[in-house]
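What follows is each chain in one-letter form.
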Amino acid sequence: GQLFIAVLGGGVTGTVLATAALCSFFTAFTGGSGVTILALGGLLLPLLGHAGYPERRGISLVTSASALGVLLAPSVPLIMYAIIARVPINTMFLAGLVPAVVMVVFLVLVGGYLKRVVPSIAPGTAPVTAPVTTPVVVARPSASAAWAAAWAAKWELLAPVVAVGSLVSGLATPTESAALTVAYAIATQALAHRELPWRLLQRCFNESAQIIGGVLLILGMALAL
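Position numbers for residues start from 1 in each chain and track the written sequence from start to end. The predicted origin of the model limits local features to residues at a pLDDT of at least 70 and limits the giving and counting of side-chain atom pairs to 80 or more, whereas totals for whole chains, interfaces and linings rest on all residues. For the side-chain quantities, the full set of heavy atoms in the structure was used; hydrogens and water were omitted.

**A look at the overall build of the protein**
Keep this limit in mind: Helix and strand definitions follow DSSP, with helices as H or I runs of at least four residues and strands as E runs of at least two, each counted in order from the N terminus. The buried label goes to any residue with under 20% of its type's maximum accessible area, the exposed label to any with over 50%, and the partly exposed label to all in between, with areas taken from a 1.4 Å probe on protein chains only. Throughout, a contact is declared for two residues whenever any of their heavy atoms are within 4.5 Å.
Of the regular secondary structure elements, the protein holds 11 helices and zero strands. Counted from the first residue to the last, the protein has its helices and strands arranged as α-α-α-α-α-α-α-α-α-α-α. Taking all 225 residues of the protein together, 28% fall into the buried category. When contacts within the protein are restricted to residue pairs at least 6 apart in sequence, long-range pairs at least 24 apart make up 64% of them.

**Quick word on the confidence of the model for the protein**
Our working definition: The pLDDT value tells you how sure the predictor is about a given residue, anywhere from 0 up to 100.
Counting all residues, the mean pLDDT for the protein is 76, and 81% of those residues have values of 70 or more. In the model of the protein, helix α1 (residues 2-8) stands out as the element of lowest mean pLDDT, 66, in contrast to helix α4 (residues 55-66), which has the highest, 87. Scored below 50 in pLDDT, residues 118-122 shows one contact in the model against residues more than four places distant or in partner chains. For residues 126-138, every residue scores under 50 in pLDDT, and the model assigns this stretch four contacts once sequence neighbours within four places are set aside.

**A look at unusual backbone geometry**
In this structure, Arg-86 is a non-glycine residue whose phi angle is positive, near 60°. Inspection of the secondary structure assignment puts Arg-86 in the loop between α5 (76-85) and α6 (89-109). Given a relative accessible area of 78%, Arg-86 falls into the exposed group.

This is the structure we're talking about:
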């Protein structure tokens, strides 16, 4: 998020653009908008609020942008469609790139998310004097700030290379590519950033096993029915 904001700038415009790009980009790897909303909503909504963006419009932006990333590689629905339609996956990735970019751009422009929202005053009511607050400093796009943010997020930026590279090169199947990406994420967080000690990692495994077990039960019953 800091890298996108450093590249696109701060304030309402830069934060909105960063949110739309980040949500659609993240959904490409999760394959579902719900996962993106749960994972990034708690991080992006405070950034939008700090930039002076209304909360309800911020929720709408995160929800809408998260639904458009399924057209970007290596989205699971895109891969499944390519397998069922017997279309080369590389061709399918290229075919979904331009529509995804166009939909994200039109979401931000035509959807009116870049417009300044002025609160309306009901007829017959006196205007409420807004309290004096500290003005928000708007950061402009900066090459030095973008480079510093990119260097800080270098391990995260290599995750798409690992996922897409192993899949496009033919070294791994879609399932193996997903498993390789998970192993890479765990390794970078545990070894490079040292933010995932063994006790926390063990607790994450336990919680993930419970969630995945419940999903497998639902899928098993649905298949049986």
